[in-house]
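Here is what each chain is made of, one letter per residue.
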Amino acid sequence: MSVLAMRDVSRDHGTGAGLVHALRNVTLDVAEGEFVAVMGPSGSGKSTLLTLAGGLDTPTSGRIAVAGADAGALGPAARAALRRRAVGYVFQDLNLIPALTAVENVMLPRELDGVRARRARREAHRALEATGIGDLAERFPDELSGGQQQRVAIARALVGDRRLLLADEPTGALDSHAGEEIMRALRARCDEGAACLMVTHESRHAAWADRVVFLRDGRMVDSTPGRTGPETLLDAR
């Protein structure tokens, strides 16, 4: 069953001579338990794809369904509620709240969904442990390194039972060892049934995915079939 279904999705910016086709007629499905990596050069539409998939923007044309709900048919409040319940998003700009501790940042989306504080804190601690920073739960963002802050953001995306995980370069500020830990955590959530769509420039991280799609100039130009490995990625490129 598809958790994310995109049909002939396009996103344009501007008009006339300033018209930019950020995404062009993209059709993509991500199923339960499937890990899909998105690769392509800068400006190819990778981040636009994620923002549309997560309901942070609306397409110029086409249809997007998340967890069975037609995102385009929802009003702003209902779309925000769908994002909170069903979508975990790791942004390049981490968007941590400076006045909240690491565990409070991770708890917040669960509390907004009405989960009691004790349960939300317990779930947040588990997510922080999964990203390797359980011992830093009570620190504030400005007391953490850039890599540690990124792990908090990833824990916030993992917490609870989100059905769709969207990750925009989730290992960008991490060393290779920490990056592998994060990939292992994302892979584990997919193995538990979540769908994951991740933008990356790193073939070694894309090798954790079941499938890799390639964008260029806003179009999907290629896709590897089935579960991939490093050799398949090198051939596909």
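Residues numbered from 1 in each chain as written. Predicted model: local features only at pLDDT ≥ 70, side-chain atom pairs only at ≥ 80, totals over all residues. Heavy atoms only, no water.

The name recorded for the protein in an unreviewed UniProt entry is ABC transporter ATP-binding protein, from Actinomadura violacea.

1. Comments concerning the overall build of the protein
Per the secondary structure count, the protein includes 8 helices and 10 strands. In terms of C-alpha radius of gyration, the protein reaches 17 Å, essentially the compact-globule figure of 18 Å for 237 residues. Once the C-alpha set of the protein is aligned to its principal axes, its extents read approximately 50 × 45 × 35 Å. Taking all 237 residues of the protein together, the buried fraction comes to 50%. For the protein, the share of sequence-separated contacts (at least 6 apart) that also reach a separation of at least 24 residues comes to 67%. When the accessible surface of the protein is totalled, it reaches about 10800 Å², and 49% of it is carbon and sulfur. Averaging the coordinates of the 30 positive side-chain charges in the protein and doing the same for the 31 negative ones gives two points 5 Å apart. (Helix = DSSP H or I, 4+ residues; strand = E, 2+ residues; numbered from the N terminus. Rg over C-alpha atoms; globule rule 2.2 N^0.38 Å. Buried < 20%, exposed > 50% of the residue type's maximum accessible area, 1.4 Å probe, protein only. Contact = heavy atoms within 4.5 Å. Areas by Shrake-Rupley, 256 points an atom, 1.4 Å probe, with all protein chains shown as cover. Lys, Arg positive; Asp, Glu negative; His and termini not counted. Charge placed at Lys NZ, Arg CZ, Asp CG, Glu CD.)

2. What to know about the packing of aromatic side chains
Applying the stated criterion to the full structure yields 1 aromatic pair. Both rings, one in Tyr89 and one in Phe91, keep their centres 4.3 Å apart while their planes meet at 5°; by these two values the pair is stacked. (Phe/Tyr/Trp six-rings, centres within 6.5 Å; stacked < 30°, edge-to-face > 60°.)

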